[in-house]
Amino acid sequence: RANAGDPGLRADVRAWADAVVAPLADADVLRRRHLLTMALTAGWMAARTGDDDTAAAMLAHVGADDPLLQAYPLLAGLRRIVEAERALGAADARRAVDILHAGTAAGGGLYYERAQLLRAYTALGDHARASETARWLSSHRGRAFAEPGIRGLWQPVNIVESNLALRAEESLQREL
């Protein structure tokens with residue numbers, strides 16, 4: 001819906017975000033992990049649709065020092081995704097690169113973090129790194145389909161980004 005420019009998405013995301021954080025305080029560890037995943041996903045969707053207030057609220061609900069962020073790489077990666085999306089929304093692609101590089105160094109991080117890197121490098125006009133990142137996304141296309149997460153929540157997003165990377169790679173090659 002974000003890629004299609006759905007005008008009702010922003011309100012729907014805000015309502016979903018509110019519903020996700022309401023039970024956080026009383027949740028046991030397993031339920032909390034699931035709710036934090038949903039809260040960070042809502043924060044990313046909010047940032048992607050220009051609702052920085054909701055994105056910031058989701059980051060605050062999760063907290064930077066939540067022990068589950070250290071225990072679950074998915075949660076740590078989702079937090080970086082929200083922070084990077086906010087930076088991209090504020091036209092601070094350099095900050096987005098810095099945030100994402102921390103997670104993707106040495107082959108780590110989530111598939112979507114590299115999709116954001118592609119957008120950030122493109123925004124910076126760094127066509128060589130953008131092209132390299134698009135090639136990585138294209139050559140790791142299977143990871144878009146198989147990367148573990150909570151109930152396959154990010155799989156459709158990764159698959160869309162994998163398809164977009166194929167187009168970007170071709171386009172960026174013309175820029176080099």
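Please refer to the structure higher up on the page.
Now for a look at the structure at hand. Every value quoted in this text rests on a predicted model; they were computed, and no experiment measured them. (Residues numbered from 1 in each chain as written. Predicted model: local features only at pLDDT ≥ 70, side-chain atom pairs only at ≥ 80, totals over all residues. Heavy atoms only, no water.)

## Some words on the packing of aromatic side chains
Applying the stated criterion across every chain, the model contains four aromatic pairs. Measuring from centroid to centroid gives 4.7 Å for Trp 44 and Trp 154, while their planes differ by 50°, and the two rings are tilted. Here the residue Trp 44 occupies a position in helix α2 (residues 29–48), and Trp 154 occupies one in the loop between α9 (141–146) and α10 (155–175), the gap between them amounting to 110 residues. Since its relative accessible area comes to 8%, Trp 44 is described here as buried. (Phe/Tyr/Trp six-rings, centres within 6.5 Å; stacked < 30°, edge-to-face > 60°. Helix = DSSP H or I, 4+ residues; strand = E, 2+ residues; numbered from the N terminus. Buried < 20%, exposed > 50% of the residue type's maximum accessible area, 1.4 Å probe, protein only.)

## Considerations on the packing of helix α1 (residues 9–21) against α2
Between α1 and α2, the least distance of the axes is 9 Å, while the angle of their chain directions is 155°. Between α1 and α2, the crossing angle belongs to the class labelled roughly antiparallel. For the pair α1 and α2, the crossing hand works out as left-handed. Seen from α1, the contacting residues are Leu 9, Val 13, Trp 16, Ala 17, Val 20 and Val 21; seen from α2, they are Leu 35, Met 38, Ala 39, Thr 41, Ala 42, Met 45 and Ala 46. Taken together, the residues of the contact of α1 with α2 sort by class into twelve nonpolar, one polar and no charged. (Axes fitted to C-alpha atoms, helices over the stretch in contact; angles between N-to-C directions. Parallel < 35°, antiparallel > 145°, perpendicular 65-115°, else oblique. Left-handed = near helix turned anticlockwise from the far one by under 90°. Contact = heavy atoms within 4.5 Å. Nonpolar A, V, L, I, M, F, W, Y, C, P; charged D, E, K, R; others polar.)

## Some details on α1
Along its 13 residues, α1 runs 18 Å from first to last C-alpha, staying within 8% of the 18 Å computed at 1.5 Å per residue. Within α1, burial applies to Leu 9, Val 13, Ala 17, Val 20 and Val 21. All buried residues of α1 project into a common sector of 90° when viewed along the axis, lining one side. Contacts made by the buried residues of α1 are with α2 and α3 (52–62). (Expected span 1.5 Å × (residues − 1). Arc of directions from axis to C-beta.)

## Considerations on unusual backbone geometry
Most peptide bonds adopt trans geometry, and most residues besides glycine take a negative phi value. The phi dihedral of Ala 91 is positive, around 60°, even though this residue is not glycine. With respect to the helices, strands and loops of the structure, Ala 91 is situated in the loop between α5 (73–89) and α6 (93–104). In this structure Ala 91 comes out as exposed when scored by relative accessible area, which is 71%.

## Regarding the pattern of salt bridges
On inspection of all chains with the given rule, the structure shows eight salt bridges. In this structure, Asp 66 and Arg 32 form a salt bridge, with 2.5 Å as the shortest nitrogen-oxygen distance. Remark: Arg 32 occurs in helix α2 and Asp 66 occurs in the loop between α3 and α4 (67–71); sequence separation between them is 34 residues. For Arg 32, a relative accessible area of 22% translates into the label partly exposed. (Salt bridge = Lys/Arg side-chain N within 4 Å of Asp/Glu carboxyl O.)

## With respect to the environment of Asp 12
Relative to the helices and strands, Asp 12 is located in helix α1. When its relative accessible area of 41% is taken as the criterion, Asp 12 is described as partly exposed. Along the chain, Asp 12 and Ala 25 lie 13 residues apart, while their C-alpha atoms are 22 Å from each other.

## Side note on the environment of Leu 100
Turning to its location among the elements, Leu 100 is positioned in helix α6. Take Leu 100: its relative accessible area is 0%, and that puts it in the buried class. Leu 100 sits 13 residues away from Glu 113 along the chain, and the two C-alpha atoms are 6.1 Å apart. In contact with Leu 100, other than residues within four places in its own chain, are Arg 80, Ala 84, Glu 113, Gln 116 and Leu 117.

## Some thoughts on the packing of α5 against α6
Closest axis-to-axis distance for the α5/α6 pair is 7 Å, and the angle between their directions is 165°. Comparing their axes, α6 and α5 come out roughly antiparallel. Crossing handedness for the pair α5 and α6: left-handed. Within the contact between the two elements, α5 uses Arg 80, Glu 83, Ala 84, Ala 87 and Leu 88 and α6 uses Ala 93, Arg 95, Ala 96, Ile 99, Leu 100 and Gly 103. Looking at side-chain class alone, the contact of α5 with α6 contains seven nonpolar, one polar and three charged residues.

Bear in mind that shape data such as this cannot, by itself, settle questions of function.
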